[in-house]
Amino acid sequence: GAGVSQTPSNKVTEKGKYVELRCDPISGHTALYWYRQSLGQGPEFLIYFQGTGAADDSGLPNDRFFAVRPEGSVSTLKIQRTERGDSAVYLCASSLSRTNEQFFGPGTRLTVL
Amino acid sequence: AQKITQTQPGMFVQEKEAVTLDCTYDTSDPSYGLFWYKQPSSGEMIFLIYQGSYDQQNATEGRYSLNFQKARKSANLVISASQLGDSAMYFCAMRESGAGKSTFGDGTTLTVKP
């Protein structure tokens, strides 16, 4: 079956602009995660959804970052007033439940100029 | 707080030989899971193997095995009969019980030499 997909694969924006990153999880997976990976580092947790609700958003760095999953499937990560430090690869993952292994998408590479 | 340490930034191995990638972790939760992922240059994270903290036996998946030493809080990945396609970044991760998120180490870059 289809894996996790993320769009766009690459996004270049200017400092101060608003961006949206989309994640389509594996069908039937109730848990969805967003991570951020900077060059040479491991993924850093941002937020975790169980169904439609954010079960843990403790990794969001500040209030410029927000994520939604209105119908319990597709999720959108929203970043307001982007800063150069937001440049990274944003990874989405999904799992059958929070206790199962996570399957990752190919990521969105965000570059803030 | 959870912490994962991977002390080997880079490792080299000859093709067809075995290699061990180190991972130590820190948690106060008695129930947790340990994961290894492979990230080739294409960027996608590929799940390799899982070990639960209460599992009695070390996990194995094909050429991958996890050397789990609970008292030492280590969960080393062993890759047997290395192949050129094993060249990639390898990440160790941990998830505590009740938590959805995983905490990742900074990874080890493995290079397999022909």
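Preceding block: the structure.
Residues numbered from 1 in each chain as written. Chains lettered and ligands numbered in written order. Predicted model: local features only at pLDDT ≥ 70, side-chain atom pairs only at ≥ 80, totals over all residues. Heavy atoms only, no water.

Can you lay out the packing of aromatic side chains for me, pointing to particular residues and giving the numbers?
Aromatic ring pairs are defined here through the distance separating the ring centres and the angle between the ring planes. The tally for this structure, following the rule as stated, stands at 13 aromatic pairs over all chains. Between F104 of chain A and Y37 of chain B, the aromatic rings sit 5.3 Å apart at their centres with planes inclined by 85°, giving edge-to-face as the arrangement. In this pair, F104 of chain A sits in strand β10 (residues 103-104) while Y37 of chain B sits in strand β5 (residues 32-39), so the two residues belong to two different chains. The residues F104 of chain A and Y37 of chain B share a single accessibility class, namely buried. (Phe/Tyr/Trp six-rings, centres within 6.5 Å; stacked < 30°, edge-to-face > 60°. Helix = DSSP H or I, 4+ residues; strand = E, 2+ residues; numbered from the N terminus. Buried < 20%, exposed > 50% of the residue type's maximum accessible area, 1.4 Å probe, protein only.)

I'd like a rundown of the pattern of salt bridges, residues and numbers included.
Inspection of every chain in the model, using the stated rule, returns 6 salt bridges over all chains. Here R36 of chain A ties to E44 of chain A by a salt bridge, and the two come within 3.7 Å at their closest N and O atoms. Assessed through its relative accessible area of 12%, R36 of chain A is described here as buried. R63 of chain B is the partner of D86 of chain B in a salt bridge, and the nearest nitrogen-oxygen pair spans 2.8 Å. Of the two residues, D86 of chain B sits in the loop between β9 (74-79) and β10 (88-96) while R63 of chain B sits in the loop between β7 (60-61) and β8 (64-69), which places them 23 residues apart along the sequence. Residues joined by salt bridges that share partners form a network here, namely R64, E83 and D86 of chain A. (Salt bridge = Lys/Arg side-chain N within 4 Å of Asp/Glu carboxyl O.)

Can you break down the environment of P25 of chain A residue by residue, with the values?
All names here are of chain A. Mapped onto the fold, P25 is located in the loop between β3 (19-24) and β4 (31-37). For P25, a relative accessible area of 12% puts it in the buried group. Contacts of P25, omitting those with residues within four sequence positions, involve V4, L32, R69, S73, V74 and S94. (Contact = heavy atoms within 4.5 Å.)

Account for the state of the cysteines, with residues named and values stated.
All names here are of chain A. Under the definition given, this model contains 2 disulfides over all chains. Here C23 pairs with C92 through a disulfide, and the sulfurs are 1.8 Å apart. What sets the handedness of the C23 and C92 disulfide is the S-S torsion sign, and at about -65° it is left-handed. Placement of C23 in strand β3 and of C92 in strand β9 (residues 88-95) is noted, with a sequence separation of 69 residues between them. Assessed through its relative accessible area of 0%, C23 is described here as buried. (Disulfide = S-S within 2.5 Å.)

Which residues make up the nonpolar core, and what values do they have?
Grouped together as the largest cluster of nonpolar side chains are 24 residues, with contacts concentrated most on Y25, W36, I49, L77, Y90 and L110 of chain B. The element contributing the most residues to this core is β10 of chain B, with 4 residues. Ignoring any residue separated from it by four or fewer positions in sequence, one finds Y25 of chain B in contact with K3, I4, Y32, L34, F68, K70, K73, S74, A75 and M94 of chain B. Of all hydrophobic cores here, the second largest spans 20 residues; its members include V4, Y90, C92 and L110 of chain A. (Core = buried A, V, L, I, M, F, W, Y, C linked by side-chain atoms within 4.5 Å.)

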